[in-house]
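The primary structure of each chain is shown beneath.
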Amino acid sequence: MESRGTKREAGKIEVAEPRNKLPRPAPSLPTDPALYSGPFPFYRRPSELGCFSLDAQRQYHGDARALRYYSPPPTNGQSPNFDLRDGYPDRYQPRDEEVQERLDHLLRWLLEHRGQLEGGPGWLAGAIVTWRGHLTKLLTTPYERQEGWQLAASRFQGTLYLSEVETPAARVQRLTRPPLLRELMYMGYKFEQYMCADKPGVSPDPSGEVNTNVAFCSVLRSHLGNHPLLFSGEVDCTDPQAPSTQPPTCYVELKTSKEMHSPGQWKSFYRHKLLKWWAQSFLPGVPNVVAGFRNPEGFVCSLKTFPTMEMFEYVRNDRDGWNPSVCMNFCAAFLSFAQNTVVQDDPRLVYLFSWEPGGPVTVSEHRDAPHAFLPPWYVEAVTQDLPSPPKTPSPKD
Ligand code: GDP
Ligand code: MG
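Residues numbered from 1 in each chain as written. Chains lettered and ligands numbered in written order. Predicted model: local features only at pLDDT ≥ 70, side-chain atom pairs only at ≥ 80, totals over all residues. Heavy atoms only, no water.

Participant: Mind showing me how you'd approach the site of ligand 1 here?
Facilitator: Around ligand 1, the structure places Leu54, Arg58, Arg95, Trp131, Arg132, Gly133, Cys217, Ser232, Gly233, Glu234 and Gln280. Contact between ligand 1 and Arg95: a nitrogen atom at 2.9 Å from a side-chain N or O atom of the residue. Note that an oxygen atom of ligand 1 is positioned 2.7 Å from one of the side-chain N or O atoms of Arg132. In isolation ligand 1 exposes 560 Å². Once the protein is present, 67% of that is buried. Secondary-structure elements contributing two or more residues to the shell around ligand 1 are α3 (132-140) and β13 (227-234). When residues of the shell around ligand 1 are assigned to their parent elements, the largest contribution, 3 residues, is made by β13. Here the residues of the shell around ligand 1 sort into 3 nonpolar, 4 polar and 4 charged. (Near = heavy atom within 4 Å. Polar contact = N/O pair within 3.5 Å; in protein donor to acceptor, adjacent residues only side chain to side chain. Areas by Shrake-Rupley, 256 points an atom, 1.4 Å probe, with all protein chains shown as cover. Helix = DSSP H or I, 4+ residues; strand = E, 2+ residues; numbered from the N terminus. Nonpolar A, V, L, I, M, F, W, Y, C, P; charged D, E, K, R; others polar.)

Right under this line is the structure:
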């Protein structure tokens, strides 16, 4: 139709032209819970692809040597009496938090196993690779009111890698951490020592040192919405008595929390702490979180198991509670946002996603140091391995 064509021409001049001259608004992603309350998105049951261990010197081993075995005290009517302050600070070897490991240990595992990944050779090229802890922060973002985050993202041979960057505020907090908070961190690890043994079927030995360099990490595969995921998370222990011995369903997450005495204290615990516990354990499919409740003197006198899949029930009817759908929908939206932002395939190019409570997620672009995080040994090894153009053997060869 003639008139339509004319209108389109006119539109081109009057609308499209000025639009091109307007500065393109910087893309951003809102985080308000109300925007993400749709139905729960698809989340594939996580399956374990492998594992690795870090030893007392923080050295990598491609095996389960650091895995510990759940060994709770006998349930003979007595309550536990774990002194979480025992051994502090003389039997404490804390990890050096100045060392920024970024994705390095996970990349080492990936380098050694990428040839054996199921889902075909193309699977990794379409996947997102990151730590479980980074995904946990994404899940809780719509409800977080205290701490912001920064995530660096690079695309390399198709794969999108996400690695957290410590915010300036988090760095200041870490460097000025009050002595009481340092001791509280120790107490969390000490609880693990009271609840775990190095071998199945033996009792824990809390007489040794607490060395937080030691870690057992599970590497998992899952899928959120249309995003294939490969991530790794530190696992506290495995339960030799679990109904299924198949990881990750035999894994147990251990936590400590303040003893509670009033319904108000419990309500606040369900709203804030259980959200973090749920997000961390739901992602890798860890079915149970065992909490030790400590009294003001630092003794754990009671234990309670929280099945991950039952945690939401505590806030389901609370208007100020959290909703798993919101967490997962936001995470899926962020992953789509990141996939659409990080278009160029270049391990030296970094998009830095930044978020502070009360605002949207914003993006900035960087090249090389200090933000580039894919190490040369990884980039070089993977680049050399690319199916190179077939070499025509020349008579000289
Ligand atoms: P979490 O869920 O926050 O405990 O983190 P992950 O399970 O995803 O841990 C990933 C890797 O980061 C493991 O090697 C952990 O030992 C390490 N890690 C965990 N928490 C911290 C932390 O607060 N700082 C640093 N630098 N590394 C950490
Ligand atoms: Mg723990």
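Participant: Help me understand the pattern of salt bridges, please; the structure alone is not making it clear to me.
Facilitator: Between side chains of opposite charge, a pair can form as their charged atoms come close. Enumeration over the complete set of coordinates arrives at 21 salt bridges. Arg316 is the salt-bridge partner of Glu313, the closest N and O atoms lying 2.8 Å from each other. Given a relative accessible area of 44%, Glu313 falls into the partly exposed group. What makes Arg316 partly exposed here is its relative accessible area of 47%. Where Asp346 meets Arg367, a salt bridge forms, and the shortest distance between an N and an O atom there is 3.1 Å. Here Arg367 lies in strand β19 (residues 361-367) and Asp346 lies in the loop between α7 (324-341) and β18 (349-355), a separation of 21 residues in the sequence. Members of the salt-bridge network, linked through shared partners, are Glu98, Glu166, Arg171 and Arg174. (Salt bridge = Lys/Arg side-chain N within 4 Å of Asp/Glu carboxyl O. Buried < 20%, exposed > 50% of the residue type's maximum accessible area, 1.4 Å probe, protein only.)

Participant: Teacher, can you tell me more about unusual backbone geometry here?
Facilitator: A negative phi angle characterises most non-glycine residues, just as the trans form characterises most peptide bonds. Between Tyr88 and the following residue, Pro89, the backbone shows a cis peptide bond with an omega angle of 0°. Checked against the element boundaries, Pro89 lands in the loop between β5 (82-83) and β6 (92-93). Here the amide bond leading from Ala369 into Pro370 is cis, since omega sits at 5°, within 30 degrees of zero. Tracing the sequence through the fold places Pro370 in the loop between β19 and α8 (376-384). Positive phi, close to 45°, is recorded for Arg102, a residue that is not glycine. Classification of Arg102 by relative accessible area gives partly exposed; the value is 35%. Phi is positive for Gln157, which is not a glycine, with a value near 50°. Of note, Gln157 is situated in the loop between β8 (149-156) and β9 (159-165).

Participant: How do you make sense of empty space enclosed by the protein when you look at a structure like this?
Facilitator: Over the atoms rolls a probe the size of a water molecule, and its path tells where empty space is left. Taken as a whole and judged by the stated rule, the model has 1 cavity of 30 Å³ or more. What lines the largest cavity is Arg132, Glu234, Val235, Asp236, Val252, Glu253, Ser281, Pro284 and Val286. Tallied by class, residues from the lining of the largest cavity come to 4 nonpolar, 1 polar and 4 charged. (1 Å grid on protein atoms, 1.4 Å probe; cavity = no way out; pocket = protein on both sides within 12 Å on 5 of 7 lines; lining within 4 Å. Points joined across faces, edges and corners; volume = space filled by probe spheres on them.)

Participant: I tried to follow the layout of surface pockets on my own but got confused; where do I start?
Facilitator: In this structure, the second largest pocket encloses a volume near 610 Å³. Looking at the second largest pocket, it is lined by 29 residues, and the ones nearest its centre are Arg68, Gln193, Asp198, Glu209 and Val214. Put simply, the parts of the chain that give the lining of the second largest pocket at least two residues each are α5 (179-195), β10 (196-197), β11 (210-211) and β12 (215-224). It is α5 that contributes the most residues to the lining of the second largest pocket, 3 residues altogether.

Participant: Can you help me understand the coordination of the magnesium ion (ligand 2) in this one?
Facilitator: Coordination angles at a metal have ideal targets, namely 109.5 degrees for four tetrahedral donors and 90 or 180 degrees for six octahedral donors. Surrounding the magnesium ion (ligand 2) are the protein donor atoms Asp236 (OD), Glu253 (OE) and Leu254 (O), which sit 2.2 to 2.5 Å from the metal. Of note, the magnesium ion (ligand 2) draws all its donor residues from one chain, in the sequence arrangement D-x16-E-L. With Asp236 in the loop between β13 and β14 (237-238) and Glu253 in strand β15 (residues 251-258), this pair connects stretches of sequence that are 17 residues apart. What makes Glu253 buried here is its relative accessible area of 7%. (Donors = N, O, S within 2.8 Å, 3.2 Å for Na, K, Ca; no water.)

Participant: Explain the packing of helix α2 (residues 104-113) against α8 to me, please; I cannot follow it from the model alone.
Facilitator: Two quantities define a packed helix pair, namely the angle between the helix axes and the distance between the axes. At a closest axis distance of 10 Å, the pairing of α2 and α8 adopts a crossing angle of 20°. Relative to α8, the element α2 lies roughly parallel. Seen from above, α2 lies across α8 with left-handed handedness. Contacts from Asp104, Leu107, Arg108, Leu110 and Leu111 in α2 reach Trp377, Tyr378, Ala381 and Val382 in α8. Partitioning the contact of α2 with α8 into residue classes produces 7 nonpolar, no polar and 2 charged. (Axes fitted to C-alpha atoms, helices over the stretch in contact; angles between N-to-C directions. Parallel < 35°, antiparallel > 145°, perpendicular 65-115°, else oblique. Left-handed = near helix turned anticlockwise from the far one by under 90°. Contact = heavy atoms within 4.5 Å.)

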